[in-house]
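# Architecture and fold: a report
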Amino acid sequence: DAGVTQSPTHLIKTRGQHVTLRCSPISGHKSVSWYQQVLGQGPQFIFQYYEKEERGRGNFPDRFSARQFPNYSSELNVNALLLGDSALYLCASSFSHYEQYFGPGTRLTVT
Amino acid sequence: GIQVEQSPPDLILQEGANSTLRCNFSDSVNNLQWFHQNPWGQLINLFYIPSGTKQNGRLSATTVATERYSLLYISSSQTTDSGVYFCAVATIANAGNNRKLIWGLGTSLAVNP
């Protein structure tokens, strides 16, 4: 079975632009979570969606938004990009228990 | 909120050596996972272990939930074990469908040939 997939792999954007990152969960998984990881740190929780509803939101500004589609895939949108948004963005999916499985990530560079 | 502390922060081993990585957490948890992050950033699931002991090949893990710590054992280390090892937890307060993971800062492991 395919694991969690994310696109694109790498992305370079300019300050002020917006970006959309995509994630497809493992087949059968209904929960998707997004994390941001900056160099030298552990991942930080951004959002969690379950059955297309937001179930958790981390301490990120309103420039960050997300949604989950009927097929359980998800998008993370970031508006008005700042240099500090440069990071590895990770998507995780999970089934009925708590174990989470991560995709390969999208590395975003803001110049 | 819950605090997660990992030790040591850095570790250098010779190939074939054994090691123990520790994760302390400050509250009751209903999820604890160990991950290995490779140089390309991919997080690889090692163990889902909110309590008890598990083994997978040269790796094993033990979580003592009542004392709020978990240990990851690596035996006969290989150069491919190099990378960052993370411990991540979810608390009882986040029960239900909120599966927010709180992460430690990781242990950076280098295994030399």
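Overview of the structure. (Residues numbered from 1 in each chain as written. Chains lettered and ligands numbered in written order. Predicted model: local features only at pLDDT ≥ 70, side-chain atom pairs only at ≥ 80, totals over all residues. Heavy atoms only, no water.)

### Quick notes on the sheet that holds strand β8 (residues 74–78) of chain A
Residue and element names in this part refer to chain A. Stated precisely, the cut-off is as follows: Strand pairing is defined by DSSP finding a minimum of two bridges between the two strands. Helix and strand labels come from DSSP, where a helix needs a run of H or I of at least four residues and a strand needs a run of E of at least two; each type is numbered from the N terminus. Axes here mean lines fitted to C-alpha atoms, for a helix over just the part in contact, with angles spanning 0 to 180 degrees between N-to-C directions.
Pairing within the open sheet is antiparallel, and its four strands lie in the order β1-β3-β8-β7. Of all strands in the sheet, those with a lone pairing partner are β1 (5–7) and β7 (64–68), marking the two edges. Neighbour-to-neighbour, the strand axes of this sheet turn through a mean angle of 15 degrees, independent of strand direction. Sheet analysis places β1 next to strand β3 (residues 19–24), joined by three bridges and oriented antiparallel. Bridging from a neighbouring strand, Gln-6 pairs with Cys-23 of β3.

### Things to note about the pairing of β7(A)
Residue and element names in this part refer to chain A. The criterion, for reference: For the exposure calls, accessible area comes from a 1.4 Å probe over protein chains only, and a residue counts as buried if that area is under 20% of its type's maximum, exposed if over 50%, partly exposed in between.
Side-chain alternation along β7 places Phe-64, Ala-66 and Gln-68 on a buried face and Ser-65 and Arg-67 on a face that remains uncovered. As judged from the five bridges shared by β7 and β8, these two strands associate in the antiparallel manner. In the strand pairing of β8, Gln-68 is matched with Ser-74. Counting the residues between successive antiparallel strands, the hairpin from β7 to β8 contains five residues, one of them, Tyr-72, with a positive phi of roughly 75 degrees.

### A short note on the interface of chain A and chain B
As a reminder, the rule being used: Working rule for contacts: check all heavy atoms of both residues, and any pair within 4.5 Å makes them a contact. Accessible area, probed at 1.4 Å, shrinks when two parts are joined; the buried area is that loss added up over both. Salt bridges are counted wherever a side-chain nitrogen of Lys or Arg sits within 4 Å of a carboxyl oxygen of Asp or Glu. Under the rule applied, a polar contact is a pair of N or O atoms within 3.5 Å (in protein, one hydrogen donor and one hydrogen acceptor; residues adjacent in sequence only if both atoms are side-chain atoms). Under the grouping applied here, Gly and all other residues not named as nonpolar or charged are polar, the nonpolar ones being Ala, Val, Leu, Ile, Met, Phe, Trp, Tyr, Cys and Pro and the charged ones Asp, Glu, Lys and Arg.
The partner chain B presents 22 residues to the 25 residues of chain A that form the contact. Taken together, both faces of the contact between chain A and chain B bury some 2,000 Å²; the carbon and sulfur share is 50%. Considering only the side of chain A, the residues that lose the most area to chain B are Tyr98(A), Gln100(A) and Phe102(A), jointly responsible for 32% of the buried surface there. For the pair chain A and chain B, the interface holds zero salt bridges. Our enumeration of links across chain A and chain B arrives at seven residue pairs in polar contact (both at pLDDT 80 or more). For the side of chain A that touches chain B, the secondary structure elements donating two or more residues are β4 (31–37), β5 (44–50), β6 (53–57), β9 (87–94) and β10 (101–102) of chain A. Split by residue class, the side of chain A that touches chain B holds 11 nonpolar, 11 polar and three charged.

### Brief notes about the pattern of salt bridges
Residues and elements named next belong to chain A. All told, the structure shown has six salt bridges over all chains when counted by the stated rule. Where Glu-51 meets Lys-30, a salt bridge forms, and the shortest distance between an N and an O atom there is 3.4 Å. Here Lys-30 lies in the loop between β3 and β4 and Glu-51 lies in the loop between β5 and β6, a separation of 21 residues in the sequence. For Glu-51, a relative accessible area of 28% puts it in the partly exposed group. Note on Lys-30: relative accessible area 30%, which makes it partly exposed.

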